Amino acid sequence: MLRKQKNLPPRVLATETPEQAAANKLAREQRDAQVRGVSSIQEMREAIKQTARALPAMTTVPRVRGLGAADFRQRATLGLPFLIEGVVGRWPLSAHTPDLLREKHSHMAVRARVGDYINTAFAPDRAMQDMTMAEYLDLAERTEGLPPYLGNLELRELNSMCHWPTWFDKMGPARFWVGPAGTLTPLHCDYDDNIFAQIWGSKRIFLAPPHHDEFLYTREASAMLFGSPFDPEAPDYERFPLARQATLIEVLVQPGDMLYVPAGWYHQVRALTFSLSSNRWARGVPLALSALTPPA
């Protein structure tokens, strides 16, 4: 018998004075900078965008295979995204099918994004529900319109069947993304290097270089995360006329693909079929800046 789902109330934010808010924001940015070995997150962001201005134009994302750590790091210092073959397909998890979620992990506790989680993607009060994996799969099957999404979850039972490459000196925990066709993460950028593994199903990803934020009407969600209201799949140039100047590169990721997304690159991700993806963010100076003096 399924247990009753819990509708989480919106997060209640403590009232802060402008001075307190500024002090808390500064403290968070200082912690972020310390973790990544830089002295200023803002200067790191600006260095990433300035470096990106010298990048060659690209229209497709190249595929490479057989990269060792040294080869990966050398290529990643160029600051451009690329697809890596021959890694994810060897993971034990890749040998399974989505049936595994019901057969072995039906009682796994998960937190689903529900309602209009696209337009509230970067809001602190986005609607969420706690449930089991079986309850989530049932909900996804019967939902019309935008399907619920399991996003950015640390599912250790699944990660035990993943063998992540050791390309970075320090990385955050693996995060998992589960959902049927139509689940979407809207256009945004993270200021950490990112490796994204497509395990089951396929996804369409749009990418835009860091310095094209000036065309994408971006807003700060945190020092390390910026979002954009522009939708590359349904461009509204009347509302966002500057977006005509943005370079948007479309790439399809298939089972077994791993995508390197350099720090600061904007990306929008849509599932084309039932999909399981996972990613990890590096926790250091972005590789595109590794040949430069760290921001001071």
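For the structure itself, look to the data block above.
Residues numbered from 1 in each chain as written. Predicted model: local features only at pLDDT ≥ 70, side-chain atom pairs only at ≥ 80, totals over all residues. Heavy atoms only, no water.

Novice: Help me understand the environment of Ala243, please; the structure alone is not making it clear to me.
Specialist: Looking at where Ala243 falls in the secondary structure, it is placed in the loop between strand E12 (225-227) and strand E13 (249-253). Residues Ala243 and Asp231, spaced 12 residues apart in sequence, show a C-alpha to C-alpha distance of 9.6 Å. Setting aside residues no more than four positions away along its own chain, Ala243 makes contact with Phe215, Tyr217, Phe230 and Tyr237. (Helix = DSSP H or I, 4+ residues; strand = E, 2+ residues; numbered from the N terminus. Contact = heavy atoms within 4.5 Å.)

Novice: Looking at this structure, how should I read the packing of aromatic side chains?
Specialist: In this description, a pair of aromatic rings is defined by centroid distance and the angle of the planes. Overall, the coordinates contain 12 aromatic pairs when judged by the stated rule. Ring geometry for Phe72 and Trp167: centres 4.2 Å apart, planes at 15°, overall stacked. You can see Phe72 sitting in helix H3 (residues 69-76) and its partner Trp167 sitting in the loop between helix H6 (156-159) and strand E7 (175-179), a full 95 residues away along the chain. The pair Phe72 / Trp167 is uniform in exposure class, with both members buried. Among the aromatic residues, ring-to-ring pairing joins Phe72, Phe82, Trp167, Phe168 and Tyr260 into one connected group. (Phe/Tyr/Trp six-rings, centres within 6.5 Å; stacked < 30°, edge-to-face > 60°. Buried < 20%, exposed > 50% of the residue type's maximum accessible area, 1.4 Å probe, protein only.)

Novice: How do you make sense of the pattern of salt bridges when you look at a structure like this?
Specialist: Where side chains of opposite charge bring their charged atoms close, a pairing between them can arise. Within this structure, the stated rule accounts for 18 salt bridges. Close ionic contact of Lys25 with Glu29 constitutes a salt bridge, the shortest N to O distance being 2.4 Å. Of the two residues, Lys25 and Glu29 are both situated in helix H1 (residues 18-36); the distance of 4 residues between them amounts to about one turn of the helix. Owing to a relative accessible area of 17%, Glu29 belongs among the buried residues under this scheme. In this structure, Arg36 and Asp32 form a salt bridge, with 3.8 Å as the shortest nitrogen-oxygen distance. In this pair, Arg36 and Asp32 both sit in helix H1, 4 residues apart, roughly one turn of the helix. Take Arg36: its relative accessible area is 7%, and that puts it in the buried class. Given the relative accessible area of 22%, Asp32 is considered partly exposed. One salt-bridge network, in which partners are shared between bridges, spans Asp32, Arg36, Asp192 and Arg283. (Salt bridge = Lys/Arg side-chain N within 4 Å of Asp/Glu carboxyl O.)

Novice: Teacher, can you tell me more about the sheet that holds E7 here?
Specialist: Hydrogen bonds between backbone atoms are what pair the strands of a sheet, whose relative direction is either parallel or antiparallel. Spatially, E2-E3-E14-E9-E16-E7-E6 is the arrangement adopted by the 7 strands of the open sheet, whose pairing is mixed. For this open sheet the edge positions go to strand E2 (63-65) and strand E6 (150-153), each flanked by a neighbour on one side alone. Here the average twist between neighbouring strands, direction ignored, is 20°. The pairing of strand E9 (residues 194-200) with strand E16 (residues 275-281) spans 6 bridges and is classified as antiparallel. Note that in E16 the partner of Asn194 across the bridge is Trp281. On the sheet, H3 packs against E2, strand E3 (82-85), E9 and strand E14 (258-261) and is oriented at approximately 165° with respect to E3. (Pairing = 2+ DSSP bridges. Axes fitted to C-alpha atoms, helices over the stretch in contact; angles between N-to-C directions.)

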